[in-house]
Amino acid sequence: VQPKFVQKDPSQYSKSEKEKVSLDSGLQLILIESLDNVIYNNIINYETAKQIWEKIEILCEGTEEVRSNQRQILVSQYETFMAKPKESITDVFEKYNKLINDLQLYEKYYETHEVILKFLLTLPDHLK
């Protein structure tokens, strides 16, 4: 048998409980005011700031399994990164820099010298 939660009447809240409710309400307001309509529609039925935050996290970042898979995909792209023939050095650098930034967002870091060497080795002969 599942225990049933009976909400306490707000008039019976202690000072500490009132402060917690006030803080939670304030946090909910901050979170809700900063959302676009798509995300807002996904969190509208949650009752606490913690529930709202956890749902936003999943909507924006995915679950840990999704993040791990994305990290693996990005590492594979990094390892196989090559400039295309006739691609400008600016275009190559922009793609490479975005890939490095994305890897860092997914908590995969490379040493600076390794990143520079990899970039130089991926340039086609016409750009060297």
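See the structure shown above.
Draft legend 1. A look at a nonpolar patch on the surface. Together, Leu23, Leu27 and Ile30 make up a nonpolar patch on the protein surface, roughly 300 Å² of accessible area in all. In this structure, leucine 27 sits in helix 1 (residues 15-33).

Draft legend 2. Local environment of unusual backbone geometry. One non-glycine residue with positive phi stands out, namely lysine 86, at about 65°. Along the polypeptide, lysine 86 turns up in the loop between helix 4 (64-79) and helix 5 (89-105). The backbone of glutamate 107 shows a phi angle near 65°, a positive value even though the residue is not glycine. If you trace the backbone, glutamate 107 turns up in the loop between helix 5 and helix 6 (112-122).

Draft legend 3. View of the pattern of salt bridges. What the rule picks out here adds up to six salt bridges. The shortest N-O distance in the salt bridge between glutamate 64 and arginine 67 comes to 3.0 Å. Taken as a pair, glutamate 64 and arginine 67 lie in helix 4 at a separation of three residues, close to a single helical turn. You can call glutamate 64 partly exposed: its relative accessible area is 47%. Between lysine 95 and glutamate 87 there is a salt bridge whose closest N-O contact spans 3.0 Å.

Draft legend 4. Summary view of the side chain of glutamate 87. Structurally, glutamate 87 is set in the loop between helix 4 and helix 5. Judged by its relative accessible area of 12%, glutamate 87 falls in the buried class. Among the polar contacts made by the side chain of glutamate 87, one reaches the side chain of lysine 95 at a distance of 3.0 Å.

Draft legend 5. Structural context of the packing of aromatic side chains. One pass over the full model with this rule turns up five aromatic pairs. Aromatic side chains tyrosine 96 and phenylalanine 119 sit 5.3 Å apart centroid to centroid with 45° between the ring planes, which places their arrangement in the tilted category. Taken together, the residues tyrosine 96 in helix 5 and phenylalanine 119 in helix 6 connect sequence positions 23 residues apart. A residue is classified by how much of its surface remains accessible, and tyrosine 96, at 3% relative accessible area, is buried. Through successive ring pairs, a cluster of aromatic residues spans Tyr78, Phe81, Phe93, Tyr96, Tyr110 and Phe119. When the ring centre of tyrosine 110 is taken as reference, the NZ or CZ atom of lysine 108 above it lies at 5.3 Å. The residue whose ring lies beneath lysine 118 is tyrosine 78, and the NZ or CZ to ring-centre distance is 5.6 Å.

Rules of the game
- Residues numbered from 1 in each chain as written.
- Predicted model: local features only at pLDDT ≥ 70, side-chain atom pairs only at ≥ 80, totals over all residues.
- Heavy atoms only, no water.
- Patch = residues over 30% accessible without salt bridge, like charges linked within 9 Å, V, L, I, M, F, W, Y side chains within 5 Å.
- Areas by Shrake-Rupley, 256 points an atom, 1.4 Å probe, with all protein chains shown as cover.
- Salt bridge = Lys/Arg side-chain N within 4 Å of Asp/Glu carboxyl O.
- Helix = DSSP H or I, 4+ residues; strand = E, 2+ residues; numbered from the N terminus.
- Buried < 20%, exposed > 50% of the residue type's maximum accessible area, 1.4 Å probe, protein only.
- Polar contact = N/O pair within 3.5 Å; in protein donor to acceptor, adjacent residues only side chain to side chain.
- Phe/Tyr/Trp six-rings, centres within 6.5 Å; stacked < 30°, edge-to-face > 60°.
- Lys NZ or Arg CZ within 6 Å of the ring centre and 35° of its normal.

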